[in-house]
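# Fold and geometry: a report
What follows is the residue order along each chain.
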Amino acid sequence: MAAAAIVIIAFAIARSGSSDKVAGKPQTIVVRDAKPVGGVRTLKWKRGQMIDLTVKSDTADEVHFHGYDVHKDVAKGGTVRFHMRATIEGKFIVELENRKQTLANVEVVP
Amino acid sequence: MRRRLAVTAAAAVAAALAAPQAALAHGIVGKQDLPIPRWLFAWAAAVVLIASFVGLASLWPRPRLERVRARVLLRSPAVLEWLCGAVGIAVYGFIVYAGFAGTQTATANIVPTWVFVVFWVGIPFLSLLFGDVFRPFNPWRAFGRASGWVLRRAAGGRMPEPIAYPDWLGRWPAAFGVLAFAWVELVYVNRDDPSTLAVLIVAYTVFQLVGMSLFGEERWTRNGDAFAVYFGIFARLSPLRWADRALGVRTPLGGAPALEPRAGTVALLCTMIGTTSFDGFSNSTLWSGPNDMSQHLTNTFVKLGLHQEAAVQGAYTVGLLMMVALIAIVFWIGIAGMRTVGGGESAPALARRFVHSLIPIAAAYVVAHYFSLVAYQGQAMGYLISDPLGHGANWFGTASATIDYNVVSATGVWYVQVAALVIGHVCGLVLAHDRALVMWSRPSQAMRSQYWMLAVMVGFTSLGLWILSASAQ
């Protein structure tokens, strides 16, 4: 009896979760004074989609997309674009490497 | 003047806002786990609750694990012990050397990955499967035994007797040691710096040598060597037992009831669970998102006059201690409840009687939180052993190896995490039930005492699941 009640509650909770918003579209991060405008956002893609992330920076540094381990130098006032297939699931940070400043969290979900 | 103050204050706030969570995640880790989705969280919690009720109704009426003996499989010669000790000392020496002589880039030097992944997490995994594998290789014990042997030889048998180890001290040095290591791992900003780690390793060695020379190698290692005690506790769950140069097999979990409940053991187990919990919790948005707990605490410390870096460390120290305290409080509530069933034991005595049932919970937390670290970051050893100092060497031809993040999928990691917590939960209940049967002569009394333990275990397992889940992140 109790077990049945637990299963029903679990089922209700499992169903109630609204599916997370998966971006799946191009995203842009603007960096001002070496910080991301609007704070550190979490950007989501589904595995298999194309990640399309552009960083516009007023600060010269190296942008490091962790996990996928792509490094790109950005000039002062310059732009870099990460365009690649989302092949690795997980949570990764995109960072201004030398300033150790996180620009965004990227989540690639199954 | 006022304007300057305002500017300074604004700068402080800006700096505080800029202190990102990533600055406090390991620099050596390139990928973090995705939180477990809500549906899996709900189902896992349901399985835990049902398993608990079914378990309570169908468990055995007589204790089964209290007097487990190991059956000896094979014996090893004494020379093997010396050989393992020598290997332990050689590896230790090399790691310290690499810390000082190697590159100071965390990812290119072998030391951070060795300390935080292979040593701290890898050995518990091995201990759960194969028993106390660390003991023969323990460099501090080997060094203590070797130097003791040399000194006894030199002194011609006129060595002073070691001091009797005080009862009240018990495992407290190990509990503080585990807390200190966790502080370095989770709070200290320079934790990934190879030479800093080497200095800390040497400092720990000095502490161990003093302890061993005062109290004797064996007595000190069993109480005061935080790592030997920590790994040895996990080894008690293993079906393999190494002792007196013999390898034996026993029922899994069979080593746990024999844990001598010396002073400090409850503190040690609560520290083990609490520090691992904080590792997960400190990644949650509740702790390190915008406008969260760590931010408020950091601002408080800045107002008290600490500079930014010290304030962040202060906030994380408070968080770490609060998590350990929370675990201790939940356990004590369960113990206090159990006292109401009768039997006349004091709360501390009851706590010591049941502390071994926390070992599977601690193990489950470690597996759930660190499985992916071992699976992914463990692969870094592939290139680090070829170029341990980061100077461009290629000793084994593997220096250009990389980490394959697809070796386990996110879904695979979720299932391992949930399975670890559920299995740990059931094992904890089994151990507590077995002990209750010894303590209370009437099975009905034993049963009632276990409702309290059940509540504690459900609390810990739910906390573990919640920390891993999307609702916490």
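In short, a report on the structure.

About the criteria used
Residues numbered from 1 in each chain as written. Chains lettered and ligands numbered in written order. Predicted model: local features only at pLDDT ≥ 70, side-chain atom pairs only at ≥ 80, totals over all residues. Heavy atoms only, no water. Helix = DSSP H or I, 4+ residues; strand = E, 2+ residues; numbered from the N terminus. Rg over C-alpha atoms; globule rule 2.2 N^0.38 Å. Buried < 20%, exposed > 50% of the residue type's maximum accessible area, 1.4 Å probe, protein only. Contact = heavy atoms within 4.5 Å. Areas by Shrake-Rupley, 256 points an atom, 1.4 Å probe, with all protein chains shown as cover. Pairing = 2+ DSSP bridges. Disulfide = S-S within 2.5 Å. Salt bridge = Lys/Arg side-chain N within 4 Å of Asp/Glu carboxyl O. Axes fitted to C-alpha atoms, helices over the stretch in contact; angles between N-to-C directions. Core = buried A, V, L, I, M, F, W, Y, C linked by side-chain atoms within 4.5 Å. Polar contact = N/O pair within 3.5 Å; in protein donor to acceptor, adjacent residues only side chain to side chain. Phe/Tyr/Trp six-rings, centres within 6.5 Å; stacked < 30°, edge-to-face > 60°. Lys NZ or Arg CZ within 6 Å of the ring centre and 35° of its normal. Expected span 1.5 Å × (residues − 1).

## Focus on the overall build of chain B
- Tallying secondary structure elements over chain B gives 19 helices and three strands in all.
- On C-alpha atoms alone, chain B measures out to a radius of gyration of 24 Å, which is about the 23 Å that the 2.2 N^0.38 rule sets for 473 residues.
- When the backbone C-alpha atoms are referred to their principal axes, chain B occupies close to 75 × 60 × 45 Å.
- Counting the 473 residues in chain B, one finds 51% classified as buried.
- When contacts within chain B are restricted to residue pairs at least 6 apart in sequence, long-range pairs at least 24 apart make up 79% of them.
- Of the roughly 21,200 Å² that chain B leaves accessible, carbon and sulfur atoms contribute 66%.

## Focus on the overall build of chain A
- The helix and strand inventory of chain A stands at one helix and nine strands.
- Reading the secondary structure of chain A in the N-to-C direction produces α-β-β-β-β-β-β-β-β-β.
- Of all 110 residues assigned to chain A, the portion counted as buried reaches 45%.
- Put simply, of all contacts in chain A between residues at least 6 apart along the chain, 57% involve residues at least 24 apart.
- Total accessible area on chain A is roughly 5,800 Å²; 53% of this is exposed by carbon and sulfur atoms.

## A word on the pairing of strand β6 (residues 70-74) of chain A
Residues and elements named next belong to chain A.
- In this structure, strand β5 (residues 61-65) lies alongside β6, joined through five bridges in antiparallel fashion. What sits directly across from F65, in β6, is V70.
- Counting the residues that bridge the hairpin from β5 to β6 gives four residues, and of these G67 lies at a positive phi of roughly 80 degrees.

## Examining the state of the cysteines
- For the structure shown, the criterion picks out zero disulfides over all chains.
- With no disulfide partner, B:C270 has as its closest neighbouring cysteine sulfur the one in B:C427, 19 Å distant.

## Regarding the sheet that holds strand β1 (residues 27-32) of chain A
Residue and element names in this part refer to chain A.
- The strand order across the open sheet formed by four strands is β2-β1-β4-β7, and the pairing between neighbours is mixed. Strand pairing shows two members of the sheet lacking a second neighbour, β2 (35-36) and β7 (79-85), which therefore form its edges.
- Sheet topology places β1 next to strand β4 (residues 50-57); five bridges connect them, and they run parallel. Within β4, the residue paired with V31 across the bridge is S57.

## As for the pattern of salt bridges
- This model, assessed by the stated rule, comprises 15 salt bridges over all chains.
- For A:E89, the salt bridge goes to A:R47, with nearest N and O atoms at 3.4 Å. Of this pair, A:E89 sits in the loop between β7 and β8 (90-96) while A:R47 is found in the loop between β3 (41-46) and β4, placing the two residues 42 residues apart along the sequence.
- One salt-bridge network, in which partners are shared between bridges, spans B:E81, B:R135, B:R141, B:R145, B:E218, B:R222 and B:R245.

## Some points on the side chain of B:Q417
- For B:Q417, the location among the structural elements is in helix α18 (residues 410-439).
- Residue classification places B:Q417 among the buried residues on the basis of a relative accessible area of 2%.

## A closer look at the sheet that holds strand β1 (residues 71-75) of chain B
All names here are of chain B.
- If you walk across this open sheet you meet the three strands as β1-β3-β2, and the pairing is antiparallel. At either end of the open sheet lies a strand with only one pairing partner, and these are β1 and β2 (240-243). Sheet twist, expressed as the average angle between the axes of neighbouring strands with direction ignored, equals 30 degrees.
- Pairing geometry for β2 and strand β3 (residues 246-249), over four bridges, is antiparallel. Residue A243 lies in a different strand from β3, and its bridge partner there is A246.

## Side note on the nonpolar core
- Ranked by size, the top nonpolar core spans 153 residues in total, and within it A:F65 and B:F354 carry the most contacts.
- With 15 residues, the top contributor of residues to this core is α18(B).
- Setting aside residues no more than four positions away along its own chain, B:F354 makes contact with B:F331, B:I335, B:M338, B:A432, B:R435, B:A436, B:M439, B:W440, B:Q450 and B:M453.

## Observations regarding unusual backbone geometry
Residues and elements named next belong to chain A.
- We note that A34 has phi near 65 degrees; this positive angle belongs to a residue other than glycine.
- By the element assignment, A34 lies in the loop between β1 and β2.
- Of note, the phi angle at K100 is positive, near 55 degrees, even though the residue is not glycine.
- Looking at where K100 falls in the secondary structure, it is placed in the loop between β8 and β9 (101-109).

## A look at the environment of B:T300
All names here are of chain B.
- You can see T300 is positioned in helix α13 (residues 293-303).
- Taking the C-alpha atoms as reference points, T300 and G224, 76 residues apart in sequence, are found 35 Å from one another.
- Among the polar contacts listed, one links the side chain of T300 to the backbone oxygen of H296, at a separation of 2.7 Å.

## Some remarks on the packing of aromatic side chains
- Counting across every chain of the model gives 37 aromatic pairs over all chains.
- The side chain of A:K72 reaches across the aromatic face of A:F82, ending 5.2 Å from its centre.

## Description of the side chain of B:D292
- As for its position among the elements, B:D292 is in the loop between α12 (285-288) and α13.
- Looking at B:D292, its side chain comes within polar contact range of the main-chain nitrogen of B:Q295, at 2.9 Å.

## Regarding the environment of B:R171
Residue and element names in this part refer to chain B.
- With respect to the element layout, R171 can be found in the loop between α6 (139-155) and α7 (172-186).
- It is 21 Å that separates the C-alpha atoms of R171 and G428, two residues lying 257 residues apart in sequence.
- Excluding its chain neighbours within four sequence positions, the residues that come into contact with R171 are R222, N223, V229, L259, E260, R262, A263, G264, T265 and L268.

## Structural notes on the pairing of β1(A)
All names here are of chain A.
- The alternating pattern of β1 places Q27, I29 and V31 on a buried face, while none of T28, V30 and R32, on the opposite face, is buried.
- Looking at chain direction, β1 and β2 are connected through two bridges and run antiparallel. When the sheet's bridge partners are listed, R32 is paired in β2 with K35.

## Quick notes on α6(B)
Residues and elements named next belong to chain B.
- Taking 1.5 Å as the rise per residue, α6 with 17 residues should run 24 Å; its terminal C-alpha atoms sit 24 Å apart, in good agreement.
- Tucked inside the fold, the buried residues of α6 contact α3 (78-101), α4 (110-130), α5 (134-137), α8 (194-215), α9 (217-223) and α10 (226-235).
- Near the N-terminus of α6, the side chain that reaches the backbone nitrogen of W140, with its oxygen 3.0 Å away, is that of N138.
- Immediately downstream of α6, the backbone of G156 shows phi near 60 degrees, a positive value.

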